[in-house]
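Report on the structure
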Amino acid sequence: MQLRRPTLNPVERRLGTALSIGDLRTVAVRTTPRAVFDYVDGAADAELTVRRNRAAFAAVELIPEYLSPVDHPDLSTRVFGREISMPLIFAPTGYTRMMHHEGEAAVARVAARHGLPYTLSTVGTSTVEDVAAAAPGGEHWFQLYLTRNERLNAELLDRALAAGFTTVVLTVDTPVAARHLKDIRNGLTIPPSLTMRTLLGMARYPAWVLNKLTTAPITFASLSSITSHAIDAVRVADVVFEPTLSYGHLAWLRANWPHRLLVKGILSPRDARRAVEAGADGVIVSNHGGRQLDRTPATLTVLPEIRDELGSDATVILDSGVTHGQDVLAAMALGADAVMIGRAYLYGLMAGGERGVERAATILREEYSRSLQLLGLNSTAAIARHQVRMP
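Residues numbered from 1 in each chain as written. Predicted model: local features only at pLDDT ≥ 70, side-chain atom pairs only at ≥ 80, totals over all residues. Heavy atoms only, no water.

**Topic: the pattern of salt bridges**
The test is simple: Salt bridges are defined as contacts in which a side-chain nitrogen from Lys or Arg sits within 4 Å of a carboxyl oxygen from Asp or Glu. By the criteria applied, helices consist of DSSP H or I runs no shorter than four residues and strands consist of E runs no shorter than two, each listed in order from the N terminus.
Counted under the stated rule, the structure contains 21 salt bridges. Note that Glu 129 is salt-bridged to Arg 159, the shortest N-O span being 2.9 Å. Within this pair, whereas Glu 129 is found in helix 7 (residues 128–134), its partner Arg 159 is found in helix 8 (residues 150–162), the two being separated by 30 residues in sequence. Of the charged contacts in the structure, one is a salt bridge between Glu 155 and Arg 159, with a shortest N-O distance of 3.4 Å. With a gap of four residues between them, Glu 155 and Arg 159 both fall in helix 8, about one helical turn apart.

See below:
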């Protein structure tokens, strides 16, 4: 019998017990105020869509093919002609430094170390310049909320271009803010109206509070030109939720952004076709992780028809609900060029900052590699639709 050497560092000890993204979620509950955790974990209205996303992945059946060498699987793939180490992209998330003070910089550094793209949100708490400086060798994308403020739109594009960002992701599924019941109850609304229960709950996490008090204020960093103080939520809401968003906005963006352009929030073949015809280089099949319109279909269920509609020329990325390496595999078999993760790495961030994000990326990589081998495949390129069965 050999006893395991005790781990003295509390963060390493917590992360050492995490063998899955679900485990990281459990750790995050213990390390983060409930209101903050609920903001990440929650979804819109009855939260039906977020459950549908997970149920769709859980229902997938994998059909293995054995007696093939799988000793050194090649996980890499190509997106927009550039090789990434596996078909995984870090999705944009807002308020990221609220979850952990290391925020977007930590996530960008992990993505760069793993050879994966990272997408910064317009409502992130770090600027494009911050991310470029934190991970100078990384592949950086910028998620854009197009607004009626043309000066602001042009400023955001110019800064992303100057900072070396290679891809703009236009989010189209947020014409108005959705209703998150958990956030309303916790007071994490726009504008914030924190309840006494929420404040007391935050006080139970002194390390989290101390980090917030001793690090830079949390602001909508990319929107500093229209905000005057930390989390000027009212003005930001008026800007980023744009009910007049139209194909005219997309045409303006295509004319003013010289590099790759993706449209995020697509759930139908018709919208996918129209986006590409309007100049997008591809689409991100996404229901915003269930955080916008509730009762939408799971992204995995509509992915095959969107791929069939666009053929092989356009890039198709799947977002929403990915928490396991086998989810990546299923999405690839059904037509995705890669998948995006959001909550999965945020659980890691809440559980242990940059080390927690590293743990999340490692878990997904190991699960994906092992699943390829168990399926009888030696590379991402070998994945085919007949290896997945949907009920």
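Let us keep going from here.
**Looking at the pairing of strand 9 (residues 282–285)**
What counts here: Here the term buried applies to any residue with accessible area under 20% of the maximum for its type, exposed to any over 50%, and partly exposed to those in between, with areas from a 1.4 Å probe on protein chains only. At least two DSSP bridges between two strands are required for those strands to pair. Whether a crossover is right-handed depends on one test, that the path from the first strand over the helix to the second runs clockwise when the strands point away from the viewer.
Along strand 9, one buried face is formed by Gly 282 and Ile 284 and the opposite face, lined by Val 283 and Val 285, is buried too. Judged from the four bridges that link them, strand 8 (residues 260–266) and strand 9 form a sheet pairing that is parallel. Its bridge partner lying in strand 9, Leu 262 is registered against Gly 282. Between the parallel elements strand 8 and strand 9, the chain passes through helix 14 (residues 269–277) in a crossover that is right-handed. Relative to strand 10 (residues 315–318), strand 9 runs parallel, the two being bridged by four bridges. Bridge pairing in strand 10 places Val 285 opposite Leu 318. On the question of chirality, the crossover connecting strand 9 to the parallel strand 10 by way of helix 15 (residues 299–310) is right-handed.

**Side note on the packing of aromatic side chains**
The condition is simple: Stacked, edge-to-face and tilted are the three classes for Phe, Tyr and Trp ring pairs, Trp counted by its six-membered ring, which pair at centre distances within 6.5 Å; planes under 30 degrees apart are stacked, over 60 edge-to-face, the rest tilted. Placement of a positive charge over a ring is assigned whenever Lys NZ or Arg CZ falls within 6 Å of the ring centre and within 35 degrees of the normal to the ring plane.
Inspection of every chain in the model, using the stated rule, returns six aromatic pairs. For the pair Phe 90 and Tyr 345, a centre-to-centre distance of 5.3 Å together with 45 degrees between the ring planes defines the contact as tilted. Of the two residues, Phe 90 is situated in strand 4 (residues 88–90) and Tyr 345 in helix 17 (residues 343–375); the sequence distance between them amounts to 255 residues. Here Phe 90 and Tyr 345 have matching classes, each one buried. On the basis of an interplanar angle of 80 degrees and a centroid distance of 6.4 Å, the ring pair of Phe 142 and Phe 165 is categorised as edge-to-face. On the criterion of sequence distance, the pair formed by Phe 142 in strand 6 (residues 139–144) and Phe 165 in the loop between helix 8 and strand 7 (167–171) is long-range, its members being 23 residues apart. Using a relative accessible area of 0% as the deciding quantity, one classes Phe 142 as buried. The ring of Tyr 39 carries Arg 291 above its face, with NZ or CZ at 4.7 Å from the centroid.

**Examining unusual backbone geometry**
Notably, Tyr 95 is not glycine yet its phi reads approximately 55 degrees, a positive angle. By secondary structure assignment, the location of Tyr 95 is in the loop between strand 4 and helix 5 (96–99). Here the phi dihedral of Arg 295 falls at roughly 70 degrees; this positive angle occurs in a residue that is not glycine.

**Considering the pairing of strand 11 (residues 338–341)**
It is a general feature of regular strands that their side chains alternate between the two faces of the sheet. Here strand 11 shows no split at all, with Ala 338 and Met 340 on one side and Val 339 and Ile 341 on the other all buried. Summarising the sheet, strand 4 and strand 11 pair through three bridges and their orientation is parallel. Bridge pairing in strand 11 links Ile 89 to Met 340. With two bridges connecting them, strand 10 and strand 11 associate as parallel partners. Considered in strand 11, the bridge of Ile 317 is made with Ala 338. Considered for its hand, the β-α-β crossover made up of strand 10, helix 16 (residues 325–333) and strand 11 is right-handed.

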